[in-house]
Amino acid sequence: MNVFTRRDFTANSLRLGAGLGAASLAIRDLRLINSAIAAQGTPTGYKALVCVFLNGGNDANNWIVPTDSTTYAQYASIRDNLTMPSSSLLTLRTTTSGSSPAYQDTDGHTYGFHPACSGLRTLFGEDKLGVVFNVGTIVRPLTRAQYNSGLAAYRPPQLFSHSDQVTQWQTCIPDAPPATGWGGRMADLLDPLANPGSSLSMSVSLAGANTFEVGNLVSQYQVSTTGAVVLGGDLMTGSSARVRTLRGLLALPTANLQRNAYASVSDSAIAVGDLLNTKIQATAMAADTPPGTWVWTTPFPNTGLGNQLKMVARLIQARGPTAFNMNRQVFFTSLGGHDTHTSQVSVNGTDQPTNTAGAHYSLLAETSAAMFAFQRAMEQLGVSNNVTAFTASDFSRTLPTNSQGSDHGWGSHHIVVGGAVNGGSTYGNLPIFALNGPDDTGLGRWIPKISVDQHAATLAKWFGVDSSVMNDIFPNLTRFSTSDLGFMKPA
Amino acid sequence: MKRWIIGILAVVGIAAWLGTWPAPPISASRPAASAAESERSAGSVGSDPSQVTPTAPVAAAAPYPTPEGASYRPITPRPDPPDPQAKVALEAIALNLRNYGHRFGGNPVGSNAEITASLNGQNPVKAKYLPQEHTHLSPKGELLDEWGTPYFFHQQSAHETVIRSAGPDRKLNTVDDITAK
């Protein structure tokens, strides 16, 4: 006997309710996008944002180190075996001249970059690099006492967990389940206005799928360091017979909506992949495949991040109307390996913070060299003022050593690079280096004073997001005192 | 209709009583014994602890098979099997960590002491998740392994935490470490 019981009714009702809830959220998001697009002005000129995500949680405590004697002594006494010798640090100066005065912030601190970061130090002296202190995933401004209260209203969920913190950095909505990334939401808003005749997605990833570029309307397009991944085999590229046949089959009309969608995505992927690889051929260096004639005046290092940023540079070079016809682009790159619980500074079993073979040393060297070459490439292309690169990471790490490395922290320091950056300066405040001090949750994990929302909104404003729709992109932004940290020049 | 339901329940009850029903989930109060039994009884018949066949040491296992035609490549010997009691304790804690995660939508996070406090009642419903027989705390409130070294908790995601014991050498990230998640 087929009886529809009360229990069945309740269960089905709940399922139906959940489905309707999800659908209504999607519809609400689309309505928000449409109303935001209506309020958003049409951006002018070309601009690109490049995210360099340092996966695993970069130890920013050793990246940018205070060098004034009092603060350095506090740093060294807590860091113990992870301490960078003061003589090894690259002093941040007001110009690139070694005789110019050391940069000093409003708190009286002077700073040095990690010895692996000579390129970044140069960009700071050229006023093309800014440092933002103690940024993190906070739900609202909070004090140590509020953190210790344990109330969920003050703590983002799953603090100190890798994947959750990565997601929260990339959504900029730490206290809500992830749906879209802030790069994706910007693309949803700006793509129809800025890129009406484009032949490439506004969101391009060089590091696989990511949350940052997830949008409701614009799909992220993934490119490898050698170009678009296309169908393999003989006669499967361009307009050869096999690929023509395949695309003909994909174009056959069908009443099945799912089949239609699959065919559309597949056909588009084939077309865009071929177009992309054709258009970037002219940007290939002599040593690349296929051989080209282009030469970057500052060669990109042959590293994972170096090759990702080189491909970003090539895509930017091909941005014009004869190629991709882009006016706004968002790129995502990443470098993994920053989860340095062990062997952070150890080489051959002994602690050697200045040994270039050290794990953290190698990571910072790769980041510095790649971002320096990228900035020089942008200058070569004449778009230094139009392209801004910025770093992000899961979190920073504990200031105290665990004897082998450092553990998961919270607030972190980050850099912003480009001709449009109010560079040669630091933003925010260095945390007070005291265990259980006012900036510490305990264990040397800094309570962020700048939210990821503020950090991202400053970039978004420069990118062309109108102030009238900023809260649609960053719904928690109104909880914080300012939406513009000042590290970008006026658009 | 009601008699029919009562009949079904009676049959299920009798089946459970006779031991043919699947083992109940490991409770928070006695996770260690249950976890140990399940681990040791893998491949054995019946549930009588006296009939459990101890797990054979790894070193005594048959040589790794070499694919036909492939050249032999020596494999680094695996370390001695860890102390079963330590593994049992670790898995009991991991199990209760997961139980916490299921209840609160995510595992507890933070340092060892913070996670221990959460598991030990500092949570919204003041529930205790640590198995008493494996709860050895340091003066700092850190949960200690069977050799007295604080466990290391590595938070990968909301529902995945790797728990690491430093093992007999009391040094983390060495070959004798044991882990669970």
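Residues numbered from 1 in each chain as written. Chains lettered and ligands numbered in written order. Predicted model: local features only at pLDDT ≥ 70, side-chain atom pairs only at ≥ 80, totals over all residues. Heavy atoms only, no water.

(A) The arrangement of the overall build of chain B in detail. Helix and strand counts for chain B stand at 4 helices and 3 strands. Its helices and strands in sequence order give chain B the pattern α-α-α-α-β-β-β, from N to C terminus. Counting the 181 residues in chain B, one finds 32% classified as buried. Looking at chain B as shown, the accessible area adds up to about 11,700 Å², and 59% of this sits on carbon and sulfur atoms. (Helix = DSSP H or I, 4+ residues; strand = E, 2+ residues; numbered from the N terminus. Buried < 20%, exposed > 50% of the residue type's maximum accessible area, 1.4 Å probe, protein only. Areas by Shrake-Rupley, 256 points an atom, 1.4 Å probe, with all protein chains shown as cover.)

(B) Main features of the side chain of D439 of chain A. Along the chain, D439 of chain A falls in the loop between strand 13 (425-427) and strand 14 (450-451). By relative accessible area, D439 of chain A is classed as buried at 10%.

(C) Representation of the pairing of strand 11 (residues 387-393) of chain A within the structure. Residue and element names in this part refer to chain A. Burial runs high along strand 11: 7 of the 7 residues are buried. Here strand 11 shows no split at all, with V387, A389, T391 and S393 on one side and T388, F390 and A392 on the other all buried. Summarising the sheet, strand 1 (residues 47-54) and strand 11 pair through 7 bridges and their orientation is parallel. If you follow L54 over to strand 11, its bridge partner there is S393. Pairing geometry for strand 11 and strand 12 (residues 412-417), over 2 bridges, is antiparallel. (Pairing = 2+ DSSP bridges.)

(D) Inspection of empty space enclosed by the protein at higher detail. Residues and elements named next belong to chain A. All chains considered together, the criterion is met by 2 cavities of 30 Å³ or more. The calculated volume of the largest cavity comes to roughly 70 Å³. Lining the largest cavity, in full, are C51, F53, W169, Q170, C172, W182, F212, F390, A392, V452, H455 and A456. Among the secondary structure elements, those contributing two or more residues to the lining of the largest cavity are strand 1, helix 5 (162-171), strand 11 and helix 11 (452-463). Top element by residues in the lining of the largest cavity is helix 11. It accounts for 3 residues. M84, H114, Q344, V345, Q352, P353, N355, G358, H360 and Y361 are the residues that line the second largest cavity. Looking at the lining of the second largest cavity residue by residue, the classes come out as 4 nonpolar, 6 polar and no charged. (1 Å grid on protein atoms, 1.4 Å probe; cavity = no way out; pocket = protein on both sides within 12 Å on 5 of 7 lines; lining within 4 Å. Points joined across faces, edges and corners; volume = space filled by probe spheres on them. Nonpolar A, V, L, I, M, F, W, Y, C, P; charged D, E, K, R; others polar.)

(E) Geometry of the pairing of strand 12 of chain A. All names here are of chain A. With 6 of its 6 residues buried, strand 12 lies for the most part within the structure. Neither face of strand 12 is open: one carries S412, H414 and V416, the other H413, I415 and V417, and all of them are buried. Summarising the sheet, strand 5 (residues 129-136) and strand 12 pair through 5 bridges and their orientation is antiparallel. Note on strand 12: the bridge partner recorded for V131 is I415.

(F) Main features of the nonpolar core. Within the largest apolar cluster, 114 residues are counted, with the highest numbers of intra-cluster contacts made by F113, W182, I316, F374, I415 and F474 of chain A. Counting residues per element, this core draws most heavily on helix 10 (residues 359-381) of chain A, which supplies 11 residues. Once residues within four sequence positions are removed from consideration, W182 of chain A is found in contact with L49, W169, Q170, T171, C172, F212, F390, A456, L459, I473 and F474 of chain A. A86, L119, A127 and W147 of chain B belong to the second-largest nonpolar core, a separate cluster that totals 19 residues. (Core = buried A, V, L, I, M, F, W, Y, C linked by side-chain atoms within 4.5 Å. Contact = heavy atoms within 4.5 Å.)

(G) The arrangement of the packing of aromatic side chains in detail. Residue and element names in this part refer to chain A. By the definition in use, this model includes 20 aromatic pairs over all chains. Ring centres of Y72 and Y75 lie 5.4 Å apart, and the angle between their planes is 45 degrees; on these two criteria the pair is classed as tilted. Highlighted residues: Y72 and Y75, both in helix 2 (residues 69-79), separated by 3 residues, approximately one helical turn. Judged on exposure class, the residue Y72 and its partner Y75 are both buried. (Phe/Tyr/Trp six-rings, centres within 6.5 Å; stacked < 30°, edge-to-face > 60°.)

(H) Spatial organisation of the sheet that holds strand 2 (residues 64-66) of chain A. Residues and elements named next belong to chain A. Spatial ordering of the open sheet is given by 2-4-3, a layout of 3 strands whose pairing is antiparallel. Sheet topology places strand 2 and strand 3 (90-91) at the edges, where each strand pairs with a single neighbour. Pairing of strand 2 with strand 4 (residues 111-113) involves 3 bridges; the strand directions are antiparallel. Bridged to P66 within strand 4 is Y111.

(I) Here's a closer look at unusual backbone geometry. All names here are of chain A. Positive phi outside glycine occurs at N348, with the angle close to 55 degrees. With respect to the secondary-structure elements, N348 resides in the loop between strand 9 (346-347) and strand 10 (350-351). In this structure N348 comes out as exposed when scored by relative accessible area, which is 77%. In the Ramachandran plot, L443 falls in the positive-phi region, its phi being about 70 degrees despite a non-glycine side chain. For L443, the location among the structural elements is in the loop between strand 13 and strand 14.

(J) Region of the structure containing the interface of chain A and chain B. Of the residues lining the interface, 17 residues belong to chain A; the matching set on chain B comes to 15 residues. Summed over both sides, the interface between chain A and chain B buries roughly 1,100 Å², with carbon and sulfur atoms accounting for 52% of that surface. Sorting the residues of chain A by area buried against chain B places Q158, F160 and Q404 of chain A first, and these three jointly supply 32% of that buried surface. Between E114 of chain B and R445 of chain A there is a salt bridge whose closest N-O contact spans 2.5 Å. For the pair chain A and chain B, the interface holds 12 residue pairs in polar contact (both at pLDDT 80 or more). With 3 residues, helix 5 of chain A is the single largest residue contributor to the side of chain A that touches chain B. By residue class, the composition of the side of chain A that touches chain B is 5 nonpolar, 8 polar and 4 charged. (Buried area = accessible area lost by both parts, 1.4 Å probe. Salt bridge = Lys/Arg side-chain N within 4 Å of Asp/Glu carboxyl O. Polar contact = N/O pair within 3.5 Å; in protein donor to acceptor, adjacent residues only side chain to side chain.)

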